[in-house]
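# Results of the structural survey
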Amino acid sequence: MSSTVDEIAGPPQSVPFALLDEESKREIRRALLQAVCIPGFQVPFGSREMPVARGWGSGGLQISLAIVGVNDTIKVIDQGDDEGVNAVNLRRLITSSTGIEETSETDEATIVQSRHRIPEDAMTSDHILVLQVPVPEPLRGIERNMKELERMHAEGDYSKMWVSLYEDKVRNGVITQTTGYPCLVAQRYVMATTPIPRWDIPRLHQAEFLTLFGAGREKRVYAIPPFTDVEPLTFEDVPFEVEASNGAKCRLCGSEETFLVETPGSESRWSCSDTAWCRRKRTK
Amino acid sequence: MTMTKSPIITPQAAIRVRGLSKFFGPIDEGAIARTGPEFGTARDPLSGSIVAAWDVNFDVAAGEALGIVGESGSGKSTVLRCIAGDQPSSAGSVHLMCHDEGRTNVLDLSPAARRKLRIDQLSVVYQDPAEGLSLGVTAGGNIADPLTAAGWRNFEAIRVRARDLLDRTEVPLDRMDDIVRNFSGGMRQRVQIARALANNPPIVLLDEPTTGLDASIASGVLDLIRGLLEELDLAVVVVSHDFGVIEMLTQRCIVMQHGRVVEDALTDQLLEDPQHPYSQKLVTAARS
């Protein structure tokens, strides 16, 4: 059953385990070790060309490939959905180059790669969460000069970030920033939690699991080790609030206590963003 | 130079500047000898190096304002920027009573430590408000900046403090939430002064605070500054080429020419009876 593609590709070549060569994986792991040692600090790494476009999860993918072992089980979600096109592609790439098991159940997975969500199910020290990050620099919209950005992080000088929160509140009456809400990690570095919604922010605080952030295009990784303080920047008298759906329920499972997303239409319809959680709730 | 551990600053002096110098290019003793008022230049003709300021000494007490006058290029702004930490200095010492009781030469501090001084110890008001303000941020936000840097985390408290300061500096409160870029020059300068006072710093440096404003606006800003000086017990250094400003704000002043201090006198005295030929020229020019 030889196809044209097979003929062009020629005889099969041996692909290294997890696609990347060992030296590349070691380099990424070294960067990750540094990231874990300095929570919230952005560590530069030599982002590789991947068989996915930059901006499509290449940073998260490289982390997953660098840490995956033969006994791991991978779950990949895009906006909480295991069946998103990009999630499926990334999952196939990881399983086909490693031979490891895939799952949509959080408790069966050891590595969860995600864009925009933390799974609703509680994760434990048995899990590593890998987040795909488009913009790792929390101060990007505030200061353009790279040297000045470095200085601000080095000196913990985040007054400009506070001013931007102040301005947001003055202009809009509330702090409008939704995804990527800036957080202070381990009382030291301000970190972009991009791209997860505010809903998931409190779940990073003192979490049992390790979170690794990868920005392929920006060539940065950073991390939140287990049991680390993650505090959203907020004024004492302006409490941090997660997204409210005003009594909406999931149209499929009826859940009110999960992160819901709205399907646009003549009549707005809400459903769970975490599809695996929703499905399990319905089949129980 | 410091033989004992006792504070080398007397309780009266909030700012003590000794031997402050700033060079551009390599400097040797010859370059010092070949520059200055006698030679009519701050630029060494042999090496091309510039002696922007050489051996500047003065004290300023709390509640006192010292003026630095001189024409463009005389080195007066350089001195101010070296004290503020905007420019590295080449030699000398600056001791501030508010920092370590005046025991530390702040010129030896790291850039980070010097920036910290700018939060609540020492403020600068620049000639160009764009240097001291973020023009794309509201008036209130510009004041929130030093406040949050000093650890303020209560939104309402920041609003109240910003409102008080803007009220004190006569900025209409209905403009508090407008971005500073939409303000007139005089109003921007008032916001800059409000911001400079946010954390009650004991020291304020004013670099040509009213230059570039038209006369009627400038006199209003000067009145404001004078009122604040009388009220707040600040130690102030005012750099200006304008004797009107110096006369109105300061008790003492130094005259600089080609990077050197040529005269050091009480302001009234200087205006009545200038000693150095250059001072005489400046005063005559200002009086004509």
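Residues numbered from 1 in each chain as written. Chains lettered and ligands numbered in written order. Predicted model: local features only at pLDDT ≥ 70, side-chain atom pairs only at ≥ 80, totals over all residues. Heavy atoms only, no water.

### Remarks on empty space enclosed by the protein
All names here are of chain B.
- Scanning the entire structure with this criterion turns up one cavity of 30 Å³ or more.
- Roughly 70 Å³ of internal volume is contained in the largest cavity.
- In terms of lining, the largest cavity is formed by Val125, Ile193, Ala196, Leu197, Val204, Leu206, Ile225, Leu228, Leu229 and Leu234.
- Listing elements by their share of the lining of the largest cavity, those giving two or more residues are α7 (185–196), β6 (203–207) and α8 (215–232).
- With three residues, the top contributor of residues to the lining of the largest cavity is α8.
- Taken together, the residues of the lining of the largest cavity break down into ten nonpolar, no polar and no charged. (1 Å grid on protein atoms, 1.4 Å probe; cavity = no way out; pocket = protein on both sides within 12 Å on 5 of 7 lines; lining within 4 Å. Points joined across faces, edges and corners; volume = space filled by probe spheres on them. Helix = DSSP H or I, 4+ residues; strand = E, 2+ residues; numbered from the N terminus. Nonpolar A, V, L, I, M, F, W, Y, C, P; charged D, E, K, R; others polar.)

### Some points on the interface of chain A and chain B
- Each partner contributes to the interface: chain A provides 14 residues, whereas chain B provides 20 residues.
- Carbon and sulfur atoms make up 60% of the surface buried where chain A meets chain B, a total of about 1600 Å² over both sides.
- At the surface where chain A touches chain B, the tally comes to eight residue pairs in polar contact (both at pLDDT 80 or more).
- It is helix α6 (residues 159–172) of chain A that provides the largest number of residues to the side of chain A that touches chain B, a total of eight residues.
- Residue composition of the side of chain A that touches chain B, by class: six nonpolar, one polar and seven charged. (Contact = heavy atoms within 4.5 Å. Buried area = accessible area lost by both parts, 1.4 Å probe. Polar contact = N/O pair within 3.5 Å; in protein donor to acceptor, adjacent residues only side chain to side chain.)

### Observations regarding the layout of surface pockets
- What the largest pocket holds in volume is close to 1500 Å³.
- Considering the residues around the largest pocket, the lining is formed by 50 residues, among which A:Arg151, A:Asp157, B:Arg115, B:Arg118 and B:Ile119 are closest to the centre.
- The element best represented in the lining of the largest pocket is helix α3 (residues 111–120) of chain B, accounting for seven residues.
- Its residues assigned to classes, the lining of the largest pocket shows 22 nonpolar, twelve polar and 16 charged.

### Remarks on a positive patch on the surface
All names here are of chain A.
- A contiguous patch of positive charge, built from Arg251, Arg269, Arg279 and Arg282, is present on the exposed surface.
- Among the secondary structure elements, Arg279 is positioned in helix α7 (residues 275–283).
- Classification of Arg279 as partly exposed rests on a relative accessible area of 36%. (Patch = residues over 30% accessible without salt bridge, like charges linked within 9 Å, V, L, I, M, F, W, Y side chains within 5 Å. Areas by Shrake-Rupley, 256 points an atom, 1.4 Å probe, with all protein chains shown as cover. Salt bridge = Lys/Arg side-chain N within 4 Å of Asp/Glu carboxyl O. Lys, Arg positive; Asp, Glu negative; His and termini not counted. Charge placed at Lys NZ, Arg CZ, Asp CG, Glu CD. Buried < 20%, exposed > 50% of the residue type's maximum accessible area, 1.4 Å probe, protein only.)

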